[in-house]
Amino acid sequence: MINVIVCGANGKMGQLVASAVNKTEDMQVVAGVDAMPNVIQNDFPVFKSIDECSSIHADAIVDFSRPEAMPKNLEYAKNNGLYIIIATTGFSKEEKQHIADMSAYVPIFFAANMSLGVNLQMQLCASAANFLGKSVDIEIVEKHHNRKVDSPSGTALALADSINSVFDDEYTYLCGREGHCGKRTKTEIGIHAVRGGTYCGEHSVMFIGEDEVVEINHIAQSRQIFSNGAARASRYMQCKDKGLYSMRDIVNESRTVTNLLVETDTAIAMLVSLPHKMSIVAEIFSKISDAHISVDIISQSPPIDGKVNLAFSMEEKNLAEATAILQKMDIPLSINSMTKLTKVTIEGEGMEKQRGVAAKLFKALAEQNVEVQIVTTSETKISFCVNRDDEAKAVSVVESTFHLMKS
């Protein structure tokens, strides 16, 4: 069970967060913190200061309060071994730096907006900025309810930051145009705030060019999306190491493994007791390349007594020719081979930051008695070969483990 302290518990968002947490399996609110602790009757204790929570066993803090409460909340998290989700906006540059500094001691999830949709909007805006370049003018309009305190919104600034990162932070932000005479500069992002009524939050990013406009919008129809996002972040942060996390990490985690590729008729050539010299390895692959043979997975063992074992995969139809090339080389080596193999590859952008993907894969294969003959990895890819007889079983294991379909 994940025990959560909600800061700003008696505010509108605090109440929604508490409800979302309590509706989430294996999570519960055990305490709240609010400047007016008795204004609402809750089914959990609410204190005026977070220091009063010392007798409460908690795992996490969800902070939807005010920026001035942040330092004390972070210090409490640090001293009590809690992780913290900060969903408050309106922080100064110095306060944001303090959050970053504290992440060296505390697992911190910090997001200007807890909506997955808004974070997708940020990625789309960065892609649009990269594609359109400096040929367009960029304007952001945000709309919020009449009780919102900070302006422009933290989300509007985060959208601007996602665009500005494409341009190496060269652009400046112009919040409103009063007092600014003269033509618009090419390296500015205009940000405009509307306050009124009960707007939950609308953000429109316009890329304005000659005779055309590209507009990327997000409309929040209820505050529930933010409270649900906070509950999801609370679960995501469970067991995370100290560091600074964001909604982008959640998005990437959902994209940990996105593709499955299967290639049949694969073979492996294995060179045993090869002299440990890079010049020899270079010569081997040069001669194979000159014969227009493509190799794929390459694996070399650590040297022992000046010798290494080298293995690489290729299409099975090329094995005989590759073996003949190797046998003609003036190199002392022993050549073995394996045929009737299938190469399976999984890949995804989120693999770079998500630990345990290989462990999850190999455990699932082991449970089905599928043996791996050779494997190679990168930050975003794992490729391995299995016996052809195990192909269907291996593919089924990967599909069910990572919810994929082969391509």
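Residues numbered from 1 in each chain as written. Predicted model: local features only at pLDDT ≥ 70, side-chain atom pairs only at ≥ 80, totals over all residues. Heavy atoms only, no water.

Q: When you look at the overall build of the protein in this model, what are you seeing that I'm missing?
A: When you go through the protein residue by residue, the secondary structure sums to eleven helices and 18 strands. Here the protein has a C-alpha radius of gyration of 28 Å; the compact-globule value for 407 residues is 22 Å, and the former is much larger. With respect to the principal axes defined by its C-alpha atoms, the protein has extents near 85 × 60 × 40 Å. Residues counted as buried form 46% of the 407 residues belonging to the protein. Here the protein has roughly 21000 Å² of accessible surface; of this, 49% comes from carbon and sulfur atoms. Charged side chains of the protein number 39 positive and 51 negative; the gap between the two group centres comes to 2 Å. (Helix = DSSP H or I, 4+ residues; strand = E, 2+ residues; numbered from the N terminus. Rg over C-alpha atoms; globule rule 2.2 N^0.38 Å. Buried < 20%, exposed > 50% of the residue type's maximum accessible area, 1.4 Å probe, protein only. Areas by Shrake-Rupley, 256 points an atom, 1.4 Å probe, with all protein chains shown as cover. Lys, Arg positive; Asp, Glu negative; His and termini not counted. Charge placed at Lys NZ, Arg CZ, Asp CG, Glu CD.)

Q: Sorry if this is basic, but what is going on with the environment of T187 here?
A: The topology assignment puts T187 in the loop between β8 (172–175) and β9 (188–195). Owing to a relative accessible area of 26%, T187 belongs among the partly exposed residues under this scheme. Spatially, the C-alpha atom of T187 lies 20 Å from that of D211, the residues being 24 residues apart in sequence. Not counting residues up to four positions away in its chain, the partners in contact with T187 are E170, Y171 and T172. (Contact = heavy atoms within 4.5 Å.)

Q: When you look at the pairing of strand β2 (residues 27–33) in this model, what are you seeing that I'm missing?
A: Within a regular beta strand, the side chains point alternately toward one face of the sheet and then the other, so they alternate between its two faces. Within β2, six of the seven residues are buried, which leaves it mostly tucked inside the rest of the structure. Pairing of strand β1 (residues 2–7) with β2 involves six bridges; the strand directions are parallel. Within the sheet, the bridge partner assigned to N3 lies in β2 and is Q28. For the crossover from β1 across helix α1 (residues 12–22) to β2, the handedness is right-handed. Sheet topology note: the β2/strand β3 (residues 46–47) ladder contains two bridges and is parallel. The partner of V33 across the bridge, within β3, is F47. (Pairing = 2+ DSSP bridges. Right-handed = clockwise from strand over helix to strand, strands pointing away.)

Q: Whenever I open this one, the state of the cysteines confuses me. Can you help?
A: Here, the word disulfide means a covalent bond between the sulfur atoms of two cysteines. What the rule picks out here adds up to zero disulfides. Not part of a disulfide, C125 finds its nearest cysteine sulfur in C175, a span of 16 Å. (Disulfide = S-S within 2.5 Å.)

Q: Whenever I open this one, the packing of helix α4 (residues 116–132) against helix α5 (residues 154–164) confuses me. Can you help?
A: The description of two helices packed together rests on the angle between their axes and the distance between the axes. Direction vectors running N to C along α4 and α5 enclose 35 degrees, while the axes themselves pass 8 Å from each other. In the packing of α4 onto α5, the handedness of the crossing is right-handed. Contact residues: V118, Q121, M122, C125, A126 and A129 in α4; T155, A158, L159, S162 and I163 in α5. Of the residues that constitute the contact of α4 with α5, the class distribution is eight nonpolar, three polar and no charged. (Axes fitted to C-alpha atoms, helices over the stretch in contact; angles between N-to-C directions. Left-handed = near helix turned anticlockwise from the far one by under 90°. Nonpolar A, V, L, I, M, F, W, Y, C, P; charged D, E, K, R; others polar.)

Q: I would appreciate a short explanation of the sheet that holds β8 in the present structure.
A: As a general point, the strands of a sheet are linked pairwise by backbone hydrogen bonds and lie either parallel or antiparallel. Here five strands make up an open sheet; going across it, the order is β8-β9-β7-β10-β11 and the pairing mixed. Single-partner strands in this sheet number two, and they are β8 and β11 (213–219). Along the sheet, successive strands turn relative to each other by an average axial angle of 20 degrees, direction set aside. As defined by bridge partners, strand β7 (residues 137–144) adjoins strand β10 (residues 202–208) across seven bridges and the pair is classed as antiparallel.

Q: Sorry, what's going on with the pattern of salt bridges here?
A: When charged atoms on two side chains of opposite charge get close, those side chains can pair. Inspection of every chain in the model, using the stated rule, returns 17 salt bridges. D137 is paired through a salt bridge with R184; the nearest N and O atoms lie 3.3 Å apart. Separated by 47 residues along the polypeptide, D137 in strand β7 and R184 in the loop between β8 and β9 bring together distant segments of the chain. One salt bridge in this structure joins R177 and E188, with 2.8 Å as the shortest N-O distance. Here the residue R177 occupies a position in the loop between β8 and β9, and E188 occupies one in strand β9, the gap between them amounting to eleven residues. (Salt bridge = Lys/Arg side-chain N within 4 Å of Asp/Glu carboxyl O.)

Q: Could you clarify how one ought to interpret the sheet that holds strand β5 (residues 83–86) in this entry?
A: Taken together, the seven strands give an open sheet; going across it, the order is β3-β2-β1-β4-β5-β6-β12, and neighbouring strands pair in parallel fashion. Two strands in the sheet have a free side with no partner beyond their single neighbour: β3 and β12 (243–245).

Q: I keep staring at the nonpolar core and nothing clicks. Help me out?
A: General note: in soluble globular proteins, nonpolar side chains tend to be found buried as a group. Grouped together as the largest cluster of nonpolar side chains are 33 residues, with contacts concentrated most on V4, V17, F64, I85, F109 and M114. Sorting the residues of this core by element identifies β1, α1, β2, β4 (60–63), β5, α6 (224–236) and α7 (247–254) as the ones contributing at least two each. For V4, the contacting residues outside a window of four places in its chain are V21, M27, Q28, V29, V30, A31, A60 and V62. Listed in part, the 23 residues of the second largest apolar core include I61, A77, I86 and F110. (Core = buried A, V, L, I, M, F, W, Y, C linked by side-chain atoms within 4.5 Å.)

Q: What's the story with helix α9 (residues 319–328) in this structure? I'm lost.
A: Owing to its 3.6 residues per turn, the α-helix aligns residues three or four sequence positions apart on the same side. Looking only at α9, the buried set comprises L319, A322, T323, I325 and L326. All buried residues of α9 lie within an arc of 160 degrees about the axis, which places them on one face of the element. Away from the buried face of α9 by more than 90 degrees, exposed residues A320, Q327 and K328 are located. Each element contacted by the buried residues of α9 is listed here: β13 (259–275), α8 (278–290), β15 (307–315) and β16 (334–347). (Arc of directions from axis to C-beta.)

Q: Could you clarify how one ought to interpret the packing of helix α10 (residues 357–367) against helix α11 (residues 391–402) in this entry?
A: Their axes nearest at 10 Å, the elements α10 and α11 cross at an angle of 135 degrees. In terms of axis orientation, α10 runs oblique to α11. In this structure, the crossing between α10 and α11 has a hand that is right-handed. Residues V357, K360, L361, A364 and L365 of α10 pack against A394, V397, V398, T401 and F402 of α11. Class assignment for the residues of the contact of α10 with α11 results in eight nonpolar, one polar and one charged. (Parallel < 35°, antiparallel > 145°, perpendicular 65-115°, else oblique.)

Q: Sorry if this is basic, but what is going on with the environment of L159 here?
A: Residue position: L159 is located in helix α5. In this structure the C-alpha to C-alpha distance between L159 and I140, which are 19 residues apart in sequence, comes to 8.3 Å. Leaving out residues up to four positions away in the same chain, L159 has contacts with Q121, M122, C125, I140, H203 and V205.

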